[in-house]
Amino acid sequence: MEKQKNAVGRRKEAVTRVFISRGEGKITINDKDYKKYFPLVYLQNQVEAPIKTADVAGKFDIVINAQGGGLKGQAEAAKLGIARALLEVNPEFRPILKAAGQLTRDPRSVERKKFGHKKARRSFQFSKR
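Description of the structure in this document. (Residues numbered from 1 in each chain as written. Predicted model: local features only at pLDDT ≥ 70, side-chain atom pairs only at ≥ 80, totals over all residues. Heavy atoms only, no water.)

1. A short note on the overall build of the chain
What the chain contains, in helices and strands, is four helices and five strands. When its helices and strands are written in sequence order, the chain yields β-β-β-β-α-α-β-α-α. For the chain, whose C-alpha radius of gyration is 18 Å, the value lies well above the compact-globule estimate of 14 Å for 129 residues. When the backbone C-alpha atoms are referred to their principal axes, the chain occupies close to 75 × 30 × 25 Å. The buried share of the chain, taken over its 129 residues, is 35%. (Helix = DSSP H or I, 4+ residues; strand = E, 2+ residues; numbered from the N terminus. Rg over C-alpha atoms; globule rule 2.2 N^0.38 Å. Buried < 20%, exposed > 50% of the residue type's maximum accessible area, 1.4 Å probe, protein only.)

Put into structure tokens, the structure is as follows:
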């Protein structure tokens, strides 16, 4: 790998751009260490998941720009982006990452509000009189 590779990950309203290059295993999100950016352990595990699955811990430096959504959406978008970037580096990771379900974009998002309703599906209270 001569220069950095990049990929995009999305989840709900969150979008992350992932840049991967050879290094000693630093993960940076919006100019912060990922453990500071995601204080909750399960969100840190989301970010680390594709790296552990492909068994490349400590081999690549990863820089992530995250925008939109909440912390959970950004963590899951980062997971997808890292998995896609690892495929750019080495296509042989595909069967491993696919079997772990890390190349699947989660299509679920917030349903829009409909007119005549209070929320997306919730109606106003009905009263006969």
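Text resumes after the structure shown.
2. Let's talk about unusual backbone geometry
One non-glycine residue, K12, lies in positive phi territory at about 55°. Take K12: it is sitting in the loop between β1 (5-11) and β2 (14-22).

3. Examining the packing of helix α2 (residues 41-54) against helix α3 (residues 71-89)
Close contact between α2 and α3 brings their axes to 8 Å; oriented N to C, the two are set at 10°. Taken together, the axes of α2 and α3 are roughly parallel relative to one another. Residues Y42, L43, Q46, V47, A49, P50, I51 and A54 of α2 touch α3, and the partners they reach there are L71, K72, A75, E76, A78, K79, I82, A83 and L86. Residue composition of the contact of α2 with α3, grouped by class: 13 nonpolar, one polar and three charged. (Axes fitted to C-alpha atoms, helices over the stretch in contact; angles between N-to-C directions. Parallel < 35°, antiparallel > 145°, perpendicular 65-115°, else oblique. Contact = heavy atoms within 4.5 Å. Nonpolar A, V, L, I, M, F, W, Y, C, P; charged D, E, K, R; others polar.)

4. Looking at the side chain of E48
You can see E48 is positioned in helix α2. Judged by its relative accessible area of 13%, E48 is buried. Contact partners of E48, with chain neighbours within four places excluded, come to Y34 and K35.

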